[in-house]
Amino acid sequence: MKRKLLGVVLCIVLLLSLVGYASGASKYRIFLITMDQMDQHWVTVDAGAKKAVSELGNVTYRWLAPDVKDDAKQIESINNAIAGGADAILLAANGPTAVTSALREATAAGVKIIYVDSPADYPGEQTLATDNEAAGNKAGQELKKALVNKGITSGKLGVVNVNAATASVVQRENGFRAAFKGTAFQILETQYSEGDAARSKDIAANYITQGVVGIFGANEGCTVGTGNAIKEAGGKVIGIGFDKSNTILQLIKEGHLLATMAQNPDVMGYKGIKAAVAVLEGKSPGAAYVDTGVSVLTKDTL
Amino acid sequence: MENKKKQGKLKRILAKRGMGQVITVTIGLVALVIVFALLNPYFLTGRNISNLLRQIAPTLLTGIGQSYVLITGNIDLSIGSVVGMSCMTSATLMTKGVNPWVAVIITYLACLLIGLLNGKLISKAKLPAFIATLGTMTIARGIAQIVNNNYNTDSIGEAAEGFMNFFYYGKTLGLFNTIWITIVIWLVFNFLLSRTRTGRHLYAVGSNMHAAHLSGVNISSTVTKAYLVSAFCSATVGLITTATSGMGTMDAGNGYELYAVAASVIGGVSTLGGQGILLGTVIGASVWGVLQNGLQFAGAPVAIRNIVIGVIVIITVLLDLVVRQNKKVGTGKVGTGKTTSIGLKHKA
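Residues numbered from 1 in each chain as written. Chains lettered and ligands numbered in written order. Predicted model: local features only at pLDDT ≥ 70, side-chain atom pairs only at ≥ 80, totals over all residues.

(A) Molecular detail of the sheet that holds strand β5 (residues 126-129) of chain A. Residue and element names in this part refer to chain A. Reading across from one edge, β2-β1-β3-β4-β5-β12 is the order of the six strands in this open sheet, with parallel pairing throughout. Both outer strands of the open sheet, β2 (59-64) and β12 (289-291), are each paired with one neighbouring strand and no more. Strand-to-strand twist in this sheet, taken as the mean axis angle between neighbours without regard to direction, amounts to 20°. In this sheet, β12 lies alongside β5 in parallel orientation, the contact comprising three bridges. What sits directly across from Thr 127, in β12, is Tyr 289. (Pairing = 2+ DSSP bridges. Helix = DSSP H or I, 4+ residues; strand = E, 2+ residues; numbered from the N terminus. Axes fitted to C-alpha atoms, helices over the stretch in contact; angles between N-to-C directions.)

Quick look at the structure:
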């Protein structure tokens with residue numbers, strides 16, 4: 001008798017859970033997959049996405065990211081999203097071809113792909129990103145302008161970058177270097193800090209010892225380190241960086257950094273969710289590429 | 001008579017276990033310095049030497065902690081995460097208006113708790129060191145993220161200027177404070193390791209845990225002390241990082257545990273336990289620091305850097321193994337298999 005009762009109860013539970021799932025399925029399941037969970041940049045993308053989700057009300061949203069940037073782990077995250085019933089994925093791809101296999105499986109499972117910050121070579125519905133090469137070039141032009149204004153038309157320059165494998169920062173550096181092509185400035189061999197602010201400071205300090213006239217920091221950590229090194233050296237080295245944070249703005253106000261190229265990661269997340277929902281509702285998300293832009297933040301514009 | 005005494009002392013110092021490797025590596029270090037100086041005249045400027053010494057400090061400090069743990073035959077994988085936890089905890093407290101020195105004390109207490117946890121998990125609960133510290137590694141990193149709600153902190157502000165000068169930017173008698181802090185910590189822990197009973201117990205536990213136990217050594221307390229030392233060193237590096245950047249970053253210290261192993265191992269501390277001196281860790285950390293600094297001045301592309309660093313670490317470990325192997329063969333001892341806490345079998 002007890003066994004029968006247990007059996008009936010279990011069947012009811014099973015039926016209820018099926019009903020629960022069915023009613024839950026009327027909401028769109030969207031996953032955000034970034035490169036890692038710690039970089040401030042991704043935290044802001046997530047914040048922007050959450051804002052759109054709360055506005056829309058018909059989205060079940062989750063942020064999935066490996067603890068560190070790693071291709072295999074990102075593939076795993078994509079697979080987890082597919083298995084978790086994703087209708088759409090907002091993806092910041094580790095690299096152009098790093099996760100193509102997982103993306104193929106996703107599309108085969110009917111999942112829509114929207115790229116935020118870093119697209120992959122695999123086709124997606126829309127890409128919302130900073131035009132990193134243009135932004136890097138802009139940074140280079142600003143630095144060149146400032147140096148020329150001080151009467152400096154030649155000398156050594158240093159680049160503090162994250163790593164050689166992340167497309168976004170590599171493009172920024174390419175753009176930066178292009179700004180100095182044909183000039184008398186010599187850009188030294190790039191040093192990589194993985195975005196660690198303390199390591200970046202060491203690298204920038206070493207550049208200053210070598211007599212550079214300008215330094216470029218390719219992301220938030222690199223920029224913080226560059227600014228701190230210039231502050232400590234107390235000299236005339238001009239620093240320019242990327243991304244925005246309380247510390248960076250402080251360094252600009254104090255005059256240790258010339259400017260920073262502030263991205264709009266929250267816009268990427270916000271518009272990304274809206275675009276995903278549009279696609280899932282059968283509408284067009286708009287342009288294939290949305291440049292979420294950078295603003296040049298200097299002492300005067302703060 | 002005087003000469004003989006002097007000769008005797010020098011001989012005793014040279015005969016100390018682990019000195020052989022230290023001398024070999026020191027020669028290597030000098031060679032590296034000469035090469036880098038030749039490649040770039042800026043390398044040996046006063047400014048760079050000053051910077052270089054300060055750049056070596058975090059590796060040396062974490063190296064001291066890792067060496068203590070390695071000597072007991074264990075490993076500490078949580079070092080990097082404790083650095084991050086220390087950085088974020090201190091910075092978050094300071095941005096919330098807490099007095100910097102109170103924040104320092106709270107940070108040390110929190111990090112020492114991790115050290116205590118490591119020690120007890122490994123010695124009382126008998127977890128393999130690799131697993132236990134792998135667990136605390138992820139826990140500490142999680143704490144680093146949660147402490148400021150998964151955001152890096154704001155600038156710690158002008159109120160923390162005294163703190164920043166003490167740990168990083170200030171100079172005393174011409175040397176950066178960081179260097180003095182490292183020297184003091186090294187002197188204390190070197191004394192503890194080489195001149196006290198605790199030190200002897202640390203080596204005993206690493207050489208042969210059973211024999212140590214039979215001799216009345218408190219294994220649990222000894223192993224825990226090693227992890228507490230490691231946590232203390234990591235916490236200090238975290239504070240130095242906060243002072244350096246003027247803010248807390250969640251990814252601070254990423255990978256530091258392995259650099260600490262490299263510094264220890266290059267200096268002759270064996271990963272199999274019971275062997276190595278802290279003087280070696282100084283040289284090991286210096287080799288590491290000189291490589292990082294010198295390769296930048298040499299303009300080496302990043303791929304070359306990684307290969308060079310990896311090759312040097314492997315060569316020094318191989319040297320250590322070869323030397324130990326030869327010693328065993330020389331004395332004609334036949335060993336029995338012995339499993340160390342990180343799960344490696346080797347002939348005792």
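(B) The domain arrangement of chain A, seen in detail. All names here are of chain A. Considered domain by domain, chain A is made up of domain 1 (27-130 + 265-293) and domain 2 (132-262). Between the C-alpha centres of domain 1 and domain 2 there is a distance of 30 Å. Here the side of domain 1 that touches domain 2 is built from residues that sort into one nonpolar, five polar and two charged. (Domains from an automatic or database assignment. Nonpolar A, V, L, I, M, F, W, Y, C, P; charged D, E, K, R; others polar.)

(C) Examining the pairing of strand β9 (residues 212-217) of chain A more closely. All names here are of chain A. Judged by how many residues are buried, β9 sits mostly within the fold: six of six residues are covered. In the sheet, strand β6 (residues 154-161) pairs with β9 via five bridges, with the strands oriented parallel. Counted as the bridge partner of Gly 158 is Ile 215 from β9. As defined by bridge partners, β9 adjoins strand β10 (residues 238-242) across three bridges and the pair is classed as parallel. Bridge pairing in β10 links Gly 214 to Ile 238. Traced from β9 through helix α8 (residues 220-233) to β10, the parallel crossover comes out right-handed. (Buried ≥ 20, exposed ≤ 12 C-beta atoms within 10 Å, placed from the backbone. Right-handed = clockwise from strand over helix to strand, strands pointing away.)

(D) Layout of the packing of helix α5 (residues 100-123) of chain B against helix α11 (residues 219-245) of chain B. Residues and elements named next belong to chain B. Remark: α5 packs on α11, axes separated minimally by 7 Å, with the N-to-C direction vectors making an angle of 145°. Pair α5 / α11 crosses with right-handed handedness. When grouped by side-chain class, the residues that make up the contact of α5 with α11 number 15 nonpolar, ten polar and one charged. (Left-handed = near helix turned anticlockwise from the far one by under 90°.)

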